[in-house]
Amino acid sequence: MSGRVVRFLAAVLVLLGVSTACGSSDRPRELSLDDVRPCDLISRAELRDLRVEAPPRPVSVVAGSDEEGTSCRYSPVYGGTVSVAVVTNHGIARWTNGSMASSRAVELPRVRGYRAIRLEYGESESGPHDSCTSYVDVASDQSLKVHVSENSADDPPTCETARRFAGNAVRTLSE
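What counts, and at which threshold
- Residues numbered from 1 in each chain as written.
- Predicted model: local features only at pLDDT ≥ 70, side-chain atom pairs only at ≥ 80, totals over all residues.
- Heavy atoms only, no water.
- Pairing = 2+ DSSP bridges.
- Helix = DSSP H or I, 4+ residues; strand = E, 2+ residues; numbered from the N terminus.
- Axes fitted to C-alpha atoms, helices over the stretch in contact; angles between N-to-C directions.
- Phe/Tyr/Trp six-rings, centres within 6.5 Å; stacked < 30°, edge-to-face > 60°.
- Buried < 20%, exposed > 50% of the residue type's maximum accessible area, 1.4 Å probe, protein only.
- Salt bridge = Lys/Arg side-chain N within 4 Å of Asp/Glu carboxyl O.
- Contact = heavy atoms within 4.5 Å.
- Disulfide = S-S within 2.5 Å.

(A) The arrangement of the sheet that holds strand β6 (residues 132-139) in detail. Pairing within the open sheet is antiparallel, and its seven strands lie in the order β1-β2-β3-β7-β6-β5-β4. The open sheet has two edge strands, β1 (57-59) and β4 (103-111), and neither has a second partner. With direction set aside, neighbouring strand axes in the sheet form an average angle of 25°. Summarising the sheet, strand β5 (residues 114-121) and β6 pair through three bridges and their orientation is antiparallel.

Spelled out as structure tokens, the structure:
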């Protein structure tokens, strides 16, 4: 009986935490991205698990935006590319405060306790193999960005891949 009560109370607390966290940027702690090299965020063992055999390629800019920072490009064996970027001049608030009319932020389950969003463009919702851009709120005015290019139906869903890369990167940042 007491086990049921404990599980019920735990479920209520989780639901309260999710509902109160959706509108905030609370984080377990600040994970500064200053001086972080994104190619160092995922270990060789994790790369094997993610099915990346080629060495990651550092990129000196964050592609496609006014975001500052650096990124790292990975090429999984199943095709496409994954880019992990440390964005040092914008947190996720720029996407969630409604000022970016060309996209909308969709809340995702937290990544190791950190708020995460996915960007949707246009009127319709993206499919599982369309490109996926997600952000993890790791510090004030800083975020971890993971972009996975469009892939085929035989490949893992792009946002699932983004979440796996983000989880590994946040774990490394937390250590």
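(B) Geometry of the packing of aromatic side chains. Enumeration according to the criterion identifies two aromatic pairs in this entry. A centroid spacing of 5.4 Å and a plane angle of 50° characterise the contact between Y74 and F165, whose relative ring orientation is tilted. Of this pair, Y74 sits in strand β2 (residues 69-74) while F165 sits in helix α4 (residues 158-174), placing them 91 residues apart in sequence. Take Y74: its relative accessible area is 0%, and that puts it in the buried class.

(C) Spotlight on the pattern of salt bridges. The final tally for this structure, using the stated rule, is eleven salt bridges. Between R115 and E107 there is a salt bridge, and its shortest N-O distance comes to 2.4 Å. A relative accessible area of 6% places R115 in the buried class. You can call E107 partly exposed: its relative accessible area is 34%. Among the charged side chains, a network of salt bridges with common partners joins D66, E67, R94 and K145.

(D) Highlighting the pairing of β2. Pairing analysis gives three bridges linking β1 to β2, with the strands arranged antiparallel. Within β2, the residue paired with R57 across the bridge is R73. Two elements, β2 and strand β3 (residues 82-87), share six bridges in a ladder whose sense is antiparallel. Bridge pairing in β3 places S71 opposite A85.

(E) Just the environment of V138, in detail. Tracing the backbone through its elements, the reader meets V138 in strand β6. The exposure class assigned to V138 is buried, which follows from its relative accessible area of 0%. Taking C-alpha positions, V138 is 9.1 Å from I92, a pair spaced 46 residues apart along the chain. Residues contacting V138, with those up to four places away along its chain left out, are R27, R29, E30, L31, L33, Y114, S143, L144 and V170.

(F) How the structure looks around the environment of E150. Within the fold, E150 resides in the loop between β7 (142-148) and α4. When its relative accessible area of 57% is taken as the criterion, E150 is described as exposed.

(G) Representation of the state of the cysteines. In total, this model carries two disulfides according to the counting rule given. Each disulfide pairs two cysteine sulfurs, and for C39 the partner residue is C72, the sulfurs being separated by 2.0 Å. Classification of the bridge connecting C39 and C72 rests on its S-S torsion, roughly 100°, and on that basis the disulfide is right-handed. Of this pair, C39 sits in the loop between α1 (2-21) and α2 (44-49) while C72 sits in strand β2; the two residues are 33 residues apart in sequence, bridging distant segments of the chain. Both residues of the pair, C39 and C72, belong to the buried class. Along the chain, the cysteines engaged in disulfide bonds are linked according to the scheme 1-2, 3-4 when indexed in sequence order.

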